[in-house]
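Coordinate analysis (summary)
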Amino acid sequence: MMETTEKQTVREQILNAFAFRHATKEFDPAKKISEADFSFILETGRLSPSSFGFEPWKFVVVQSQDVRQKLLPVAWGAQKQLPTASHFVILLSRTKEGLTADSAHIQHMMRDIQQLPEENAKGKGNTYHHFLADDFKLLDNDRAVFEWGARQTYIALGNMMTAAAQIGVDSCPMEGFDKDAVEKILREEGVLQGGFGVACMVAFGYRVREPRAKTRQPIEAVTSWV
Ligand SMILES: Cc1cc2nc3c(=O)[nH]c(=O)nc-3n(C[C@H](O)[C@H](O)[C@H](O)COP(=O)(O)O)c2cc1C
């Protein structure tokens, strides 16, 4: 069957966005992302998939230059991004405290957000506990539970960066920071409560210069078919 030209165009547009996106080190500090564009980017994070639909994340938007300055000495991978990004987001992920089946968050998600009838919530809670305890064997290691939540948070990260690229907004994902030190600062600023840890960061804005050409392995090197 012939492909529609419409589909070809969409495919081309999406691949163009992937080619456009690069880890932007330095942004034009004079160029701000519009409110509508930034809301759109955040919305793609909010709509991202998560295991069991439990949304283990929170997005902290750091617009205070004062707070960004405090983060600078403990974020080696964000030296130019912190002072120049139009919008700077720290992605938090839940710790074990908010991820066990009987936790307030999981119960809230099942009952208030997913609106499961009592019986279904109980069943899903049991399946979820079995998954954490036996299938993925996460419950005997606090850090493993946090990292499992963080893995899902990275899906929101990827979606936000791709969505941004599709509307011509640049971004940079970042793990170059001292996790404990960043958490201490966010706690002092009142934006990191118990039950959360820092997963990663992402800066958004507009590039000051064109990037170097992309380097990637060929598709055969990263794909196996069976
Ligand atoms: C999880 C993750 C962490 C990263 N941490 C940093 C960072 O701390 N600072 C930085 O400048 N770039 C960081 N990068 C960007 C990568 O270096 C970059 O994505 C990679 O070299 C590929 O280049 P491209 O994104 O421009 O195609 C990170 C990327 C990912 C996915």
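Everything here concerns the structure above.
Residues numbered from 1 in each chain as written. Predicted model: local features only at pLDDT ≥ 70, side-chain atom pairs only at ≥ 80, totals over all residues. Heavy atoms only, no water.

1. A few points about the overall build of the chain
Under the convention used in this document: Helix numbering and strand numbering both begin at the N terminus, where a helix is a DSSP run of H or I of at least 4 residues and a strand a DSSP run of E of at least 2. Type-normalised accessible area, obtained with a 1.4 Å probe on protein chains alone, sets the label of each residue: buried when under 20%, exposed when over 50%, and partly exposed for intermediate values.
Each helix and strand in the chain was counted, giving 8 helices and 4 strands. Ordered by position from N to C terminus, the α and β elements of the chain give α-α-β-α-α-β-α-α-α-β-α-β. Projected onto its principal axes, the C-alpha coordinates of the chain cover approximately 60 × 55 × 35 Å. Here the chain holds 226 residues, and 41% of them are scored as buried.

2. Some points on the packing of helix α2 (residues 35-46) against helix α7 (residues 142-166)
When two helices pack together, you describe them by how their axes are tilted relative to each other and by the distance separating the axes. Stated formally: The angle between two axes is taken between their N-to-C directions and runs from 0 to 180 degrees, where each axis is a line fitted to C-alpha atoms and a helix contributes only its stretch in contact. Crossing chirality is assigned from the near helix's rotation relative to the far helix, an anticlockwise turn below a right angle marking it left-handed and a clockwise turn marking it right-handed. Whether two residues are in contact is decided by their heavy atoms, any of which lying within 4.5 Å being enough.
Contact geometry of α2 with α7 gives a least axis separation of 8 Å together with a crossing angle of 145 degrees. Between α2 and α7 lies a crossing whose hand is right-handed. Residues F40, I41, L42, T44 and G45 of α2 pack against A156, N159, M160, A163 and A164 of α7.

3. A short note on the pairing of strand β4 (residues 196-205)
Counted only if it meets this: A pair of strands is labelled paired if DSSP reports no fewer than 2 bridges between them.
In terms of burial, β4 is largely enclosed, as 10 of its 10 residues are buried. The sheet contact formed by strand β2 (residues 87-94) and β4 spans 8 bridges and is antiparallel. Bridged to S93 within β4 is G197. Note that strand β3 (residues 170-174) and β4 share 5 bridges and pair antiparallel. Each residue of the ladder has a partner; that of M174, found in β4, is M201.

4. Let's talk about the packing of aromatic side chains
Defined as follows: Pairing of aromatic rings covers Phe, Tyr and Trp, the last counted by its six-membered ring, and requires centre-to-centre distances within 6.5 Å; plane angles under 30 degrees mean stacked, over 60 mean edge-to-face, and any other angle means tilted. Either the NZ atom of lysine or the CZ atom of arginine qualifies as a charge over a ring when it sits within 6 Å of the ring centre and within 35 degrees of the ring normal.
All told, the structure shown has 9 aromatic pairs when counted by the stated rule. Here F38 and F204 contribute two aromatic rings whose centre-to-centre distance is 6.1 Å and whose plane-to-plane angle is 70 degrees, an arrangement assigned as edge-to-face. With F38 in helix α2 and F204 in strand β4, the pair connects residues that are 166 residues apart, well separated along the chain. Residue F38 is classed as buried on the basis of its relative accessible area, which comes to 7%. When the ring of F54 is compared with that of Y128, the centres are 4.8 Å apart and the planes differ by 85 degrees; the resulting orientation is edge-to-face. With F54 in the loop between α2 and β1 (57-61) and Y128 in helix α6 (residues 118-135), this residue pair connects regions lying 74 residues apart in the sequence. On the basis of relative accessibility, which here comes to 1%, the residue F54 falls in the buried class. Classification of Y128 by relative accessible area gives buried; the value is 0%. Clustering of aromatic rings is evident, with ring pairs tying together F52, F54, Y128, F131, F136 and W148. Between the NZ or CZ atom of K179 and the centre of the ring of F146, over which it lies, the distance is 4.5 Å.

5. Brief notes about the sheet that holds β2
Within a sheet, adjacent strands bond to each other through the backbone by hydrogen bonds, running parallel or antiparallel. Reading across the sheet, the 4 strands line up as β1-β2-β4-β3 and stay open at both edges, with antiparallel pairing between neighbours. The sheet is open, and its two edges are formed by β1 and β3, each paired on a single side. Each adjacent strand pair in this sheet contributes to an overall mean axis angle of 25 degrees, direction not counted. Sitting on the sheet, α2 is in contact with β1, β2 and β4, with an inclination near 160 degrees to β1.

6. Considerations on the pattern of salt bridges
Note the threshold: We define a salt bridge as a contact between a side-chain nitrogen of Lys or Arg and a carboxyl oxygen of Asp or Glu at a distance within 4 Å.
Using the criterion set out here, one finds 13 salt bridges in the structure. A salt bridge links E26 to R209, with the nearest nitrogen and oxygen atoms 3.2 Å apart. Here E26, found in the loop between α1 (5-20) and α2, pairs with R209, found in the segment after β4; they are 183 residues apart in sequence, far enough to count as distant. In this structure R209 comes out as exposed when scored by relative accessible area, which is 51%. As a salt-bridge pair, D142 and K96 come within 3.6 Å of each other at their nearest N and O atoms.

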